[in-house]
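# A look at the structure
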Amino acid sequence: MTVLLVDAANVVGSRPDGWWRDREGAAERLLARLAGLVGRRLIGPDGADLTVEEVVAVVEGRARDATAPEGIRVVRAWGSGDDALAECAAELAAEHRSLLSVTADRGLRARLPGGAAVTGPGWLLTALDDAVPPPSA
C-alpha cells in the first residue's frame, strides 16, 4: 500500500490547458480525479504494481482554497508549497509509510527523505488518464 504525495501546482502546471486563468478550479479538477485513485492498483513508475492507500495533495497560492472531495488529504501551504511537501514527506517517512512523491521540481526532489520514491507528473497524468478519465467538456 502506497501513499501518493502530490505537488499539485507542479502537476497542474505540466499541461498547458489554461490552468493559469483559474488556478483554484484547476486544482479542484485534479483533486477530484485523484480521489478516484484511492484503493486502486496501478502500474508504478518502476513497472511494479502498487496499490494507492492514500492521496495527499499539497496546494498553494491561489489554489490553496480549492475544495477537495472526500478521500483526499489536502495540505494547504500558507508559505512555500515546497516546504510543506518536504515536511509532509518527512512525517510520512517517519511513520514508515510507503511513499511515492509526484513532482518534477529537482530542488524539491533533493529535499525529500532518503529512499523516498519520486516520479514526475507525466506518470501521474498517464495513470489518471487510464484509471480516471477527465469529465467530458
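Refer to the structure above for everything that follows.
Presented here is an overview of the structure given in this document. Residue numbering note: each chain is counted from 1, following its sequence as written. Per-residue local features are limited, in this predicted model, to residues with pLDDT of at least 70; the limit for side-chain atom pairs, both in listing and counting, is 80 or more; totals at the level of whole chains, interfaces and linings are taken over all residues. Here the side-chain values reflect all heavy atoms present in the structure, with hydrogen atoms and water set aside.

## Things to note about the environment of Leu-30
Heads up, the condition is: The numbering of helices and of strands both runs from the N terminus, where a helix is a DSSP run of H or I of at least 4 residues and a strand a run of E of at least 2. Contact criterion: two residues are considered in contact whenever any of their non-hydrogen atoms come within 4.5 Å of each other.
If you trace the backbone, Leu-30 turns up in helix α2 (residues 23-35). Separated by 21 residues in sequence, Leu-30 and Ala-9 place their C-alpha atoms 9.8 Å apart. Apart from the residues lying within four places of it in its own chain, the contact partners of Leu-30 are Ala-8, Val-11, Val-12 and Leu-128.

## Quick look at the packing of α2 against helix α5 (residues 121-131)
Spelled out, the test is: Between the N-to-C directions of two axes lies an angle of 0 to 180 degrees, each axis being a line fitted to C-alpha atoms and, for a helix, fitted only over the stretch in contact. When the near helix sits turned anticlockwise from the far one by under a right angle, the crossing is termed left-handed; a clockwise turn instead gives a right-handed crossing. Under the scheme applied, nonpolar residues are Ala, Val, Leu, Ile, Met, Phe, Trp, Tyr, Cys and Pro; charged residues are Asp, Glu, Lys and Arg; polar residues are all the others, including Gly.
Direction vectors running N to C along α2 and α5 enclose 65°, while the axes themselves pass 10 Å from each other. Note that α2 runs across α5; the crossing there is left-handed. Within the contact between the two elements, α2 uses Leu-30, Arg-33 and Leu-34 and α5 uses Leu-124, Leu-128 and Asp-129. Residue composition of the contact of α2 with α5, grouped by class: four nonpolar, no polar and two charged.

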